[in-house]
Every structure is written in structure tokens, then in C-alpha cells.
Amino acid sequence: MPVLKNIAAIAKGMSITFMEMFQPTIVENYPDGPGPLKGAKFQARFRGTHVLQRDENGLEKCVACFLCAANCPSNCIYIEAAENTAEQRVSGAERYAKIYNIDYNRCIFCGYCVEACPTDAITHGHGFEVATFNVSGLIYRKEQMLAPMPAHMGANAVFNQDEIGAGAPAVAVQGS
Amino acid sequence: MPDVNITVDGKKVAAPAGTLLIEACKNAGIEVPSFCYYPNLSLQGACRMCLVKVEKMPKLQTACTTVISEGMIVATNSDEIRQARKSMIEFLLGNHPLDCPVCDAGGECELQDMAFSYGAAESKYMEPKNHKEEQQWSPVVYFDRPRCILCYRCVRVCGEGMDVWALGVQNRGVSSIIAPNQDDHLECEECGMCIDICPVGALTSGAYRYKTRPWEMNHVGTTCTHCADGCKTTLGVRRADTGMEIVRGDNRDKSGINGDFLCIKGRYAFDFAHHKERLTQPLIRKDGRLTPSTWEEAFEVIGSRLTEVRDCDGGQAIGVLGSTRTTNEENYLLQKFARVVLQTNNIDHHRTADFPAFVSALTERPEAAASMRDVYNAPAILLIGNDPTEQHPLLAWQIRNNVRLHRARLYVINSQPIKLRRQATSFLQIPTGAEAQLSSFLAGQDSAIDALLSGPTSRDEWISLREKLRSEPGLVIIFGSEIRGSDVVSLVKSASGIHDVKFICLGDYANSRGAADMGVYPDLLPGYQRLADPGKFHEEWGGVPRAVGFTLPEMIESATAGKLKAWYVVGANPVGRLALDPFAFSQSFVVVQDMFLTETAVIADVVLPAANAYEKSGTFTNTCGDLQLVKKAGEVTGTKSDFEIIVRIAGSMGYDVRKLVPFGRGMTADMGQSRGAQSGEVDRHGVWLEASGLELKMSPFDPMAILDEIQRLLPGYAVSRMDLLAGNAQHTALPAGKAGALHDPKLIVPADNNLFSSGTLGRYSRTLNSVIENRHKKPEELEVAAD
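Residues numbered from 1 in each chain as written. Chains lettered and ligands numbered in written order. Predicted model: local features only at pLDDT ≥ 70, side-chain atom pairs only at ≥ 80, totals over all residues. Heavy atoms only, no water.

This part is about the overall build of chain B. Within chain B, the secondary structure is distributed over 26 helices and 31 strands. The C-alpha radius of gyration computed for chain B amounts to 28 Å, which stays within 12% of the reference 28 Å derived for 787 residues, consistent with globular compactness. Taken along its principal axes, the extent of the C-alpha atoms in chain B is 90 × 65 × 55 Å. A burial count over chain B gives 61% of its 787 residues as buried. Sequence separation of 24 or more characterises 70% of the internal contacts of chain B that already satisfy a separation of 6 or more. For chain B, the accessible area works out to roughly 30400 Å², and carbon and sulfur atoms hold 51% of it. A gap of 3 Å separates the mean positions of the 83 positive and 96 negative side-chain charges of chain B. (Helix = DSSP H or I, 4+ residues; strand = E, 2+ residues; numbered from the N terminus. Rg over C-alpha atoms; globule rule 2.2 N^0.38 Å. Buried < 20%, exposed > 50% of the residue type's maximum accessible area, 1.4 Å probe, protein only. Contact = heavy atoms within 4.5 Å. Areas by Shrake-Rupley, 256 points an atom, 1.4 Å probe, with all protein chains shown as cover. Lys, Arg positive; Asp, Glu negative; His and termini not counted. Charge placed at Lys NZ, Arg CZ, Asp CG, Glu CD.)

What follows concerns the packing of helix H8 (residues 328-341) of chain B against helix H23 (residues 703-713) of chain B. Residues and elements named next belong to chain B. One way to put it is that H8 packs onto H23 with a least axis distance of 9 Å and a crossing angle of 75°. Comparing their axes, H23 and H8 come out roughly perpendicular. Every residue of H23 that contacts H8 at Asn328, Glu329, Tyr332, Leu333 and Lys336 is listed here: Pro703, Ile706, Leu707, Glu709, Ile710 and Leu713. Here the contact of H8 with H23 is composed, by residue class, of seven nonpolar, one polar and three charged. (Axes fitted to C-alpha atoms, helices over the stretch in contact; angles between N-to-C directions. Parallel < 35°, antiparallel > 145°, perpendicular 65-115°, else oblique. Nonpolar A, V, L, I, M, F, W, Y, C, P; charged D, E, K, R; others polar.)

This part is about the pattern of salt bridges. All names here are of chain B. Scanning all chains against the criterion turns up 43 salt bridges over all chains. Of the charged contacts in the structure, one is a salt bridge between Arg248 and Glu108, with a shortest N-O distance of 2.6 Å. Of the two residues, Arg248 is situated in strand E13 (residues 243-250) and Glu108 in the loop between helix H2 (79-92) and helix H3 (110-118); the sequence distance between them amounts to 140 residues. Overall, Glu108 belongs to the partly exposed group, its relative accessible area being 32%. (Salt bridge = Lys/Arg side-chain N within 4 Å of Asp/Glu carboxyl O.)

Turning next to the sheet that holds strand E12 (residues 232-240) of chain B. Here we have four strands laid out as an open sheet, ordered E11-E12-E13-E30 (chain B), and antiparallel in their pairing. Every interior strand has two partners, whereas the edge strands, strand E11 (218-223) and strand E30 (635-636) of chain B, have only one. (Pairing = 2+ DSSP bridges.)

Scanning the entire structure with this criterion turns up 16 aromatic pairs over all chains. The interplanar angle of 20° and the centroid separation of 5.6 Å between the aromatic rings of A:Tyr104 and A:Phe109 together place this pair among those described as stacked. A relative accessible area of 7% places A:Tyr104 in the buried class. Judged by relative accessible area, A:Phe109 falls into the partly exposed class, the value being 23%. Their ring planes at 5° and their centres at 3.6 Å tell us that B:Trp567 and B:Phe585 sit as a pair that is stacked. Remark: B:Phe585 occurs in the loop between helix H19 (574-577) and strand E26 (589-594) and B:Trp567 occurs in strand E25 (residues 566-570); sequence separation between them is 18 residues. (Phe/Tyr/Trp six-rings, centres within 6.5 Å; stacked < 30°, edge-to-face > 60°.)

So, on to the pairing of E25(B). All names here are of chain B. Summarising burial for E25: five of the five residues are buried, a large majority. Alternating positions in E25 separate into two faces, Ala566, Tyr568 and Val570 on one and Trp567 and Val569 on the other, with burial throughout. As paired elements, strand E16 (residues 318-321) and E25 share four bridges and run parallel to each other. What sits directly across from Ile318, in E25, is Ala566.

We now examine the environment of B:Leu362. Residue and element names in this part refer to chain B. Within the element layout of this structure, Leu362 appears in the loop between helix H9 (355-361) and helix H10 (372-377). Remark: the alpha-carbon pair of Leu362 and Glu773, spanning 411 residues in sequence, is separated by 44 Å. With sequence-adjacent residues up to four places away left out, Leu362 is seen in contact with Ala368, Val492, Phe503 and Leu734.

A few words on the interface of chain A and chain B. Listed as interface residues are 17 residues of chain A and, on the opposing side, 15 residues of chain B. In total, about 1300 Å² of surface goes out of reach between chain A and chain B, with carbon and sulfur atoms giving 55% of it. On the chain A side of the interface with chain B, the three residues burying the most area are A:Phe66, A:Glu94 and A:Arg95, jointly 41% of the side's total. For the pair chain A and chain B, the number of links is two salt bridges. Salt-bridge contacts for B:Arg209 lead to A:Glu83; the nearest nitrogen and oxygen are separated by 2.8 Å. Where chain A meets chain B, there are three residue pairs in polar contact (both at pLDDT 80 or more). Among the secondary structure elements, those contributing two or more residues to the side of chain A that touches chain B are helix H2 (67-71) and strand E2 (77-83) of chain A. When residues of the side of chain A that touches chain B are assigned to their parent elements, the largest contribution, six residues, is made by E2(A). A class-by-class count of the residues in the side of chain A that touches chain B yields 13 nonpolar, no polar and four charged. (Buried area = accessible area lost by both parts, 1.4 Å probe. Polar contact = N/O pair within 3.5 Å; in protein donor to acceptor, adjacent residues only side chain to side chain.)

The subject of this paragraph is the sheet that holds strand E10 (residues 203-205) of chain B. All names here are of chain B. Overall, antiparallel pairing links the three strands, which are arranged E6-E7-E10 in an open sheet. Each edge of the sheet is formed by a strand with only one pairing partner; in this case those strands are strand E6 (135-138) and E10. Between one strand axis and the next, the sheet turns by 35° as a mean value, whatever way the strands run. Sheet topology note: the E6/strand E7 (residues 141-143) ladder contains three bridges and is antiparallel. The residue bridging Ser138 from the neighbouring strand is Val141, located in E7.

Each assigned domain of chain B is listed here: domain 1 (4-77), domain 2 (97-274 + 753-787), domain 3 (278-352 + 512-733) and domain 4 (363-506). A C-alpha centroid distance of 40 Å is found between domain 1 of chain B and domain 4 of chain B. (Domains from an automatic or database assignment.)

All right, on to a nonpolar patch on the surface then. Taken together, the side chains of A:Ile10, A:Met14, A:Phe18, A:Met21 and A:Phe22 present a nonpolar region at the surface, about 600 Å² in accessible area. As for its position among the elements, A:Phe22 is in the loop between helix H1 (2-21) and strand E1 (49-52). (Patch = residues over 30% accessible without salt bridge, like charges linked within 9 Å, V, L, I, M, F, W, Y side chains within 5 Å.)

Time to look at the state of the cysteines. Simply put, disulfide is the name for a covalent bond between the sulfur atoms of two cysteines. All chains considered together, the criterion is met by zero disulfides over all chains. Of all cysteine sulfurs, the one in A:Cys68 lies closest to A:Cys65, which takes part in no disulfide; the gap is 6.1 Å. The thiol of B:Cys103 is not disulfide-bonded; the next cysteine sulfur, from B:Cys109, is found 6.3 Å away. Its relative accessible area of 6% is what places B:Cys103 among the buried residues. (Disulfide = S-S within 2.5 Å.)

Here you go:
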């Protein structure tokens, strides 16, 4: 009886539909969800926009070795290196990246730069809302990618005590 | 020497007796790794990387110190050898910091390469590494002690190669360290050879320090723009905001006439290109002030004024001053422009050597001009005048190495105790200014000897020297600008009896010889052809003005009298360098094209920002007559090459540029090598090319089109274009027949540059200045004994 067979098939199919109606929803409610991520959820391994990490002293980890740029298949990393001085210490090693640009027009988020980095300075963050109406805005500068100062640096920072005594404004001493 | 037969890894190899095993293997295509071995330096046997197994010898042998012998059976690649090499690397890495990411040598480090080939990245040695702070030994030399692997290459090249002996070894055994000669700093020629030869990143360059990494740069092999020796220098370029920036100079592939060698100027003094005072806009004098303007306006002003002067007052009212640093093509084009477009022979340049006299002395045997390579191979050398150590570093290097490696006999005759006397078989000092009498004496005029006798040398010694020189077949006679005019002729005559004698006349700037060869003279055409007999040039150019033009002093005289209405200066600073009265040209219309606002440029009515030799293509001829390619490496937005400027001025005067630059015929197999990095150049000229009814090609600005004409009209320049484009030096022949002239010796003004100065250009090099400042702080330097 083909008619009965068809009815049975429809009933079987609809039963799954009705069953699923009472299950909790797994679709992400982005961008209408709650919180700063607007409902987006990530696996820890998600490769988003890059973050340039700092070490425990708040110094940049990047030593401008250019290995990320050398490894980049889309050639989107531009670096200019400079030497740390006693007055201006930016990274933990002899040199630091004076300019570090990533061109997100070209970046394919492959993660090779992260793999190449000998100091774990460049990592993938979870940033993903990169779209823009202006392509020149897709070239991210170092300042846009740098991780914020570690939390303890705020409370435990050493200030320029000598100069404050002489009336200078308080500034946290680099590398403290 | 007879060949010795050996077997290496089962392969039969024959090499001359006395060859080192490592060299024999290399010639057979078998690589034996080594750190301390360096060709042409003394043997060290320090690194023990070149261990090989020689049959019947009990232990592994170092290939770099073993001389081959008949029937030797050698294995270079067995498990035992690989293990030995791996262990050696592990030793070397014992205290070597693993800071490759921040090390300047990273990417071109021999230790890195070896560790890749042989492993040993994991160390059994667990103790903390012994760290020492990096030291700065001079403005351009940094030393990182823990990175040093004690191969002693730097010590040897500084002592044996450079004869400076500024580096040495302190302590012994495991606590050996490389140390500079003066406490904590170097007092040396700052040539940077130690940095270049260092297999690791222990010695690094202060100028290149942390700027970029080797694989990030493009490498362009070109010819140095400083002294007249014409070393090949490889420039590392990176893109920058204002075009292409040169970040490093070295002799990376060691392929030029200079081989391993480069001096401080070739290695570091490229930084004038990005000096903050560099002109990037044409300046036109308006209401008495030089105001920035556009190229179009500048060309219009120059074109209309020059046309006006030429048509009203004739070509005699225009003077042209050429350059000793622009390319051959630009010099040729400039004198062609002067003669054909401006219709004047009033063209001269800053003469630093008497090349016309040299040519006229050698017209009967033009093959007797030596090349730079001949200096390295000659059995005997006579050096009269000049101080090559200071003024011709490559020549001095060739002489020293010839003496050291080939036991050549060097005879030095000078008014000063120059440093090369340390290599000399005999050194004779003469009173200052007695070079003229010297050449007469050598030519056989015994009465001239009295002028030479003020020193400790006796009459008999002089006569025996003359006899000795006459029995030196293959002698190369090198003379400086002290010998001029008829003295050159008598010097050449003095050597007429010597078999296979050759000569070198020393000029001072990168293309001094080129400017002379290209006829930047008021009375000589290209190839030193006399104006009275223009020959082929008359047909080719459709007429050459007949009247002999003004020399530079005559131009000044004419300008002071108000007769010289226009003066066109290309890449020269006569006001600064020749102490010329800046007000002499106050009544003339002066056009200067230069990189900077020099003393000459400030008196100009129009100043055009020119590109330097590292920013254009063409050829240079060094002082020996070796022709080499100049390739475009850097670029600064806003400047134009002198070649382009001359063509554009001719265009703005209504002259058909097709006649000036005969492009489209001749050899066109350029294949782009000559253009270096100049892609997109056609786009930049699109508007002008289109407006002038020309094809959208580089042709009217292509120096190779002029090189075609040069090669067609100058027999001596008809060298292989392929070899030239491949970056090899090509020796040009002197013209035969009626050529050259004897000029007033006073027209020659030597540049008197030393190792750290380079005319006006040197003033704008930060590195050279930092070295000079650093030296002035120190007490007077002492010469160090040879060993």
C-alpha cells in the first residue's frame, strides 16, 4: 500500500521535527546575543586577529626577528626593527619592532606566523570583526595589536620617584 | 707543477702538487666544511670541521692543512667523519648563545648552516652559558664575544690581508678572546673586512645593525661610487616611504675585480642617499631666492634661456662642466649635448689625472695599459707617487696580496714614507715635487739625478735601481697625478726596453677615467680623438663645432668678463672643491644638477635634484680602464637621473631627442639587467613620452642606447656586452693612432681624498663622518709592527 507507506514516512520525519522543537537551541544568536561578544562563541583554538604579547615585565616579547614575515605565505607582515637603548627599553632582547604592521586585506589566518615565532610574541586572538568599508583601515599597526599591560603592572608599577620630587608628572618606569 | 693523483670518495682527482686537500676536494665538487680555513690566508687548523679520513693515517686529518700526495685515498663522508663534525659543532655551540632571531648574521651564518647539515642542536652540556656584554669597538664594528667561535679569520684578514694588524688574540686555550689593538677600541682602516669574513655574528656592522634581515632585502650588484678603483659592491635594498632605501653594502658574492675586498667607503658610505639635506625638488631663483618649483617649470626656464643664449650669443657663450661621478653614458651624452645642441666645445671637468697625456704616450702600444687584475698577477710593480692605501684601497690590496702570495717585487718611489713601503723590495724617498726629474732620470737623463739626491739614497743606488727596473719583464708601472704632461711621456719612454711592461695612471674619482674617455674635454672628443680630426663623430652627429673650447679656468675668465652667458654644471662642486670665486659667475645663467645644495648649487639660478650612481644604470670605467656595469639599487622620489635631465633639457630646447639618443637601433638585448629595480619607470614618463610623440618605452632614457653608440664609435669599448651585463669587469683598450694631447699640468687638481673622505659626497655620509669624529677624539695613531 503505497499511500500508507508515504503517510508513515511523513509521520517519521515530522516526529523528528517535533522532537527537536523541545531540545535546547544550538544556533549562536550572533549578533543579537548578550555580552561583549554579542552571542558569538569560540573554541580556544580559533585563529582570529593577532595579539602581540608582552612578558611578565610588561615589555614586548617581539624581538623583530622577521621570521613571521619570512614564513607568511601571503606576505602581509611588514616590520621595521630598532635597537633598545637604556633610556627606551621596549622589548626584552637587544632589538624590538619599531613598526609592526599586518595587512588584513591579505592575511589568510593560517597561523604560520604564530608557529614561526621564537619568542611566542605573536598569537592569534579571538578578534573576528575585521570587516570595514575602507581597506586602508585593514592595515593594523603594532599599537592596535599589542596586548594590554599585565594586571599586576598597574598596582605594582614603579614610578619615577626622583623626578616626581622635583615636580615632574608621575610616569611608570619602563620595565619595572 | 705536475699533477698529483688522489682518490676522494672513490672519485679520481688530479691537482697540482702543493694543493691543499680541502682545495682539491672543492675543485672536484666535493664540499668539505670548514670555519677557520679561508683561501689565500695563512692556515690555522683551529676549528677542526674539515676532518677527513686519509687511508693509512691513524686518525682523522684536517683537510685544510694536509697537502695532497700521490696515491692518497680520502673519504670525506663516513659515519665516523659525520660524528666527528657533529661533535665539533656541539663544542662550538657549547657557549654559543642561541639568539639567532636577534643576531644580524641569522640567515647567512655558517654555523647555522652547519648545524642544519650536521645536527647537534641538542647539547649534552647543561651548565649555564657564560654571557658577556656586547662591545662596540668602533662606530662601525661591534663584537659579541659569546658568539665568537675563534676561527681567527678576522685576525688573519686584518693582519695579512689589510696589513693593519688591529685584531689579536688574548689569553690561551679555552679562554682565548679576540681583542682590538687599542684597549677597548679599534684603530684601523675601518674597512669592515673582519665583519665580512666572520662566519658567525660575532663581529657585526654598526651601520646595518638590526635594520633588517638578509632575506628581506633585494641584492643589487653595482660599482662603488667613491674612489677610482671600481670595486663591485652588492647593495641590499628595502622599500621605504620615499622609494627604495639602501640598507647594506657588502661584497656578498665576491665576484668583482675586488674579490674579497671592500673598503669603508664601498661598504658603508651609501648613506648619503637618505641624508636629510638631499634635494627632492627643483629650485628656481625667483626674486633672488631659490624657491622650490616643479620639473616642468625648471625645464621650461632652462630650455628657453639656453636657446636664447645660444641663438643670440652663440655657443661660445655657454660653458659646461661635467662630472667625475656620473656614468660613461651620461658623460658621453653631456658632451654630445654640448657639442650638438649647445654648439660649443666649452666643456671640461675636474681633472684629477693626466689621461690625455697617458694616451698620447701610449698610442704606439695601446695594449700596454694594465687592468686591475694585472696588478695582482704582475711579477714586479713600480709605484711612483700617490698613496694607494689611502686613495686607492683596492689597488693597495692587490699589491699587498701579490707581494704576499706571489712574491712579487714592489719598488716604491715616493716623497712620503707611505705605508706600502712595508711590502716593498726597495723604497726610495725623493723630495716633494721631484717626480718630474725622476721620470727624466728613469728615461736615461743622468743629469736629473741631482734633484733626487736629498734623501739617504746615494747616486749609485739610484743607478742600480734603474738597471734593476730595466731587467724586470712584466713590470707594471703605476703612477699618481704627480706625474703629468711630458713627464708621462718620458716615463713611458724610460720603460720602452722592458719586455711586456704595462702602465696604470691613477685618477681620483669613480668615473674620472670615464669622463676622460668620453671626451669631456674642450679639445678632445670621445676616445681622446682630437677636435681637428673629428672623423666618425662628424658624420654620426651631423657636424661638430671646430673651435677649441674653454677649459675651466678659461670659462671663469670669460664669465668674469661677462662673456659667458650660461654655465651648466652637472654633478660637480667646483666652488667648493677647486676654491673658485663664487662671484665669478654672477652675470651668467647658472644651472646646477646635484644631490645637495653645494657651494656651487647656491650660486645657481636653477638647481635640479639629481640621482646618484646607486640610483641609476650605466657603466663606469675605473682608473685602469676596466669597464663595469652600474645597476640601479636605491631610489628617492623627486629626483631624476642626470641622463634623463639632459634628455629633457634637449627636448625643451626643441631638439629631436631621437638624434641625441639613437635608440631603436644597435643592440637591444638588454634583458632588463641594466635597469635593476626600476620597474614601473615607463608609467612615470608616460605623459612626456606621449606628448613628444614617442612610444611608451624607456628608450629615450635608456643608457644602453648610448652605450651602443659608444661601443660603435670607440674601438676600445667594443667589449662583450654579455660579460658586461653579467657583472664582469671588461678591460677597455686605449685608442691607437693620433689621440690624446699634452695639456697644461696646472689643470690637474688632485682630489686628495683619504680613506674616510670622498669629495663633496663624503661630507653627506653619516658613517664616514662618525668615523672621522671618532678618530679626532683619539690620540695620534701609531703604526703597528708587521708581526
